[in-house]
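Descriptive structure summary
Below, each chain spelled out in residue letters.
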Amino acid sequence: AQSVTQLDSHVSVSEGTPVLLRCNYSSSYSPSLFWYVQHPNKGLQLLLKYTSAATLVKGINGFEAEFKKSETSFHLTKPSAHMSDAAEYLCVVTSAGGYNKLIFGAGTRLAVHP
Amino acid sequence: DAGVTQSPTHLIKTRGQQVTLRCSPKSGHDTVSWYQQALGQGPQFIFQYYEEEERQRGNFPDRFSGHQFPNYSSELNVNALLLGDSALYLCASSKIEEETQYFGPGTRLLVL
């Protein structure tokens, strides 16, 4: 069965410093992987997705993620945090068997301090 | 181009009542999925609708049911509400041939 583990429930950074949000997955096949961002009282916005093309994926707002099959990881990074990046970040994997069912991690709350 | 819309935004019910949540997909999308997000957790898949039929279902009891209409919009119904049904209910739409799902703002349900 597929599963997603987000290794940190909370991450706190200073504005202008790098961001690293860690995600490991478990899958019996080669899934597609996504990162979504959720601002308070809002829905989920797609940041980026990996679908077996380039292992380094660039997304919106300066975020990128690197797919490492040997480590079953898909960590999200950003070179310089902005105050507006404070939000909940969700790592997601597609399930086996088609139908595009999404399996979510528990989320990482990113705090950005001035 | 309107994105995914959901109504209502907030809802308060009491135990044992029934509730209906509504979702309109993004223009051009034909598939609707519903997710439940409890406080402090990631969303959990409830079910997915395509061509007005339930294609796949997550680990939710039969109290949770749904419907998709010919215009691709969808409803989520929950009967005999429990306190534990309090959550943010998210609707996502997609094209059947694509993996990327686009989410609405959600309906926050509080069961007292």
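See the structure printed just above.
Just so it is clear, the model here is predicted, and its values are computed rather than measured.

Some points on the overall build of chain A
- When helices and strands are counted, chain A shows zero helices and 12 strands.
- Element order for chain A, N to C, with α for helix and β for strand: β-β-β-β-β-β-β-β-β-β-β-β.
- In summary, chain A has a C-alpha radius of gyration of 14 Å against a globular reference of 13 Å for 114 residues, a match within 12%.
- Along the three orthogonal principal directions, the C-alpha set of chain A runs to about 45 × 30 × 20 Å.
- When contacts within chain A are restricted to residue pairs at least 6 apart in sequence, long-range pairs at least 24 apart make up 56% of them.
- Accessible area of chain A: about 5,400 Å², with a carbon and sulfur share of 52%.

A few points about the sheet that holds strand β7 (residues 64-68) of chain B
Residue and element names in this part refer to chain B.
- Taken in spatial order, the four strands of this open sheet run β1-β3-β8-β7, and their pairing is antiparallel. Of all strands in the sheet, those bounded by a partner on one side alone are β1 (5-7) and β7. Neighbour-to-neighbour, the strand axes of this sheet turn through a mean angle of 20 degrees, independent of strand direction.

Focus: the side chain of Gln38 of chain A
- Here Gln38 of chain A lies in strand β5 (residues 33-38).
- Exposure remark for Gln38 of chain A: the relative accessible area of 10% places this residue in the buried category.
- If we ignore the near neighbours within four places in the chain, the residues touching Gln38 of chain A are Gly43, Leu44, Ala87, Glu88 and Leu90 of chain A together with Gln37 and Leu88 of chain B.

Remarks on the side chain of Thr94 of chain A
- Structurally, Thr94 of chain A can be placed in strand β10 (residues 87-94).
- Reaching out from Thr94 of chain A, the side chain makes a polar contact with the backbone nitrogen of Ser32 of chain A at a distance of 3.0 Å.
- Other than its neighbours up to four places away in sequence, Thr94 of chain A contacts Gln2, Tyr29, Pro31, Ser32, Phe34, Lys101 and Leu102 of chain A together with Glu99 of chain B.

Focus: the layout of surface pockets
- The space that makes up the largest pocket amounts to roughly 260 Å³.
- Every residue lining the largest pocket is counted, 15 residues in all, and those nearest its centre are Gln38 and Arg109 of chain A together with Gln37, Leu39 and Arg108 of chain B.
- For the lining of the largest pocket, the per-class residue count stands at five nonpolar, six polar and four charged.
- The computed volume of the second largest pocket comes to approximately 170 Å³.
- Those elements giving two or more residues to the lining of the second largest pocket turn out to be β11 (102-104) of chain A together with β5 (44-50) of chain B.

A few points about the nonpolar core
Residue and element names in this part refer to chain A.
- Ranked by size, the top nonpolar core spans 27 residues in total, and within it Trp35, Leu48, Leu76 and Tyr89 carry the most contacts.
- The element that contributes the greatest number of residues to this core is β10, accounting for four residues.
- Ignoring any residue separated from it by four or fewer positions in sequence, one finds Leu48 in contact with Leu33, Phe34, Trp35, Val57, Lys58, Gly59, Phe63, Glu64, Ala65, Phe74 and Leu76.

Some remarks on the interface of chain B and chain A
- With 20 residues of chain B in contact, the opposing surface of chain A contributes 20 residues.
- Each partner contributes to the roughly 1,700 Å² buried at the junction of chain B and chain A, and carbon and sulfur atoms together form 49% of this total.
- It is Gln56, Glu99 and Phe103 of chain B that lose the most area in chain B upon contact with chain A, and together they represent 31% of the buried surface on that side.
- Taken together, chain B and chain A are joined by zero salt bridges.
- Counting across the interface, chain B meets chain A through five residue pairs in polar contact (both at pLDDT 80 or more).
- Within the residue set of the side of chain B that touches chain A, elements represented by two or more residues are β4 (31-37), β5, β6 (53-57) and β9 (87-94) of chain B.

Definitions and limits used
Residues numbered from 1 in each chain as written. Chains lettered and ligands numbered in written order. Predicted model: local features only at pLDDT ≥ 70, side-chain atom pairs only at ≥ 80, totals over all residues. Heavy atoms only, no water. Helix = DSSP H or I, 4+ residues; strand = E, 2+ residues; numbered from the N terminus. Rg over C-alpha atoms; globule rule 2.2 N^0.38 Å. Contact = heavy atoms within 4.5 Å. Areas by Shrake-Rupley, 256 points an atom, 1.4 Å probe, with all protein chains shown as cover. Pairing = 2+ DSSP bridges. Axes fitted to C-alpha atoms, helices over the stretch in contact; angles between N-to-C directions. Buried < 20%, exposed > 50% of the residue type's maximum accessible area, 1.4 Å probe, protein only. Polar contact = N/O pair within 3.5 Å; in protein donor to acceptor, adjacent residues only side chain to side chain. 1 Å grid on protein atoms, 1.4 Å probe; cavity = no way out; pocket = protein on both sides within 12 Å on 5 of 7 lines; lining within 4 Å. Points joined across faces, edges and corners; volume = space filled by probe spheres on them. Nonpolar A, V, L, I, M, F, W, Y, C, P; charged D, E, K, R; others polar. Core = buried A, V, L, I, M, F, W, Y, C linked by side-chain atoms within 4.5 Å. Buried area = accessible area lost by both parts, 1.4 Å probe. Salt bridge = Lys/Arg side-chain N within 4 Å of Asp/Glu carboxyl O.

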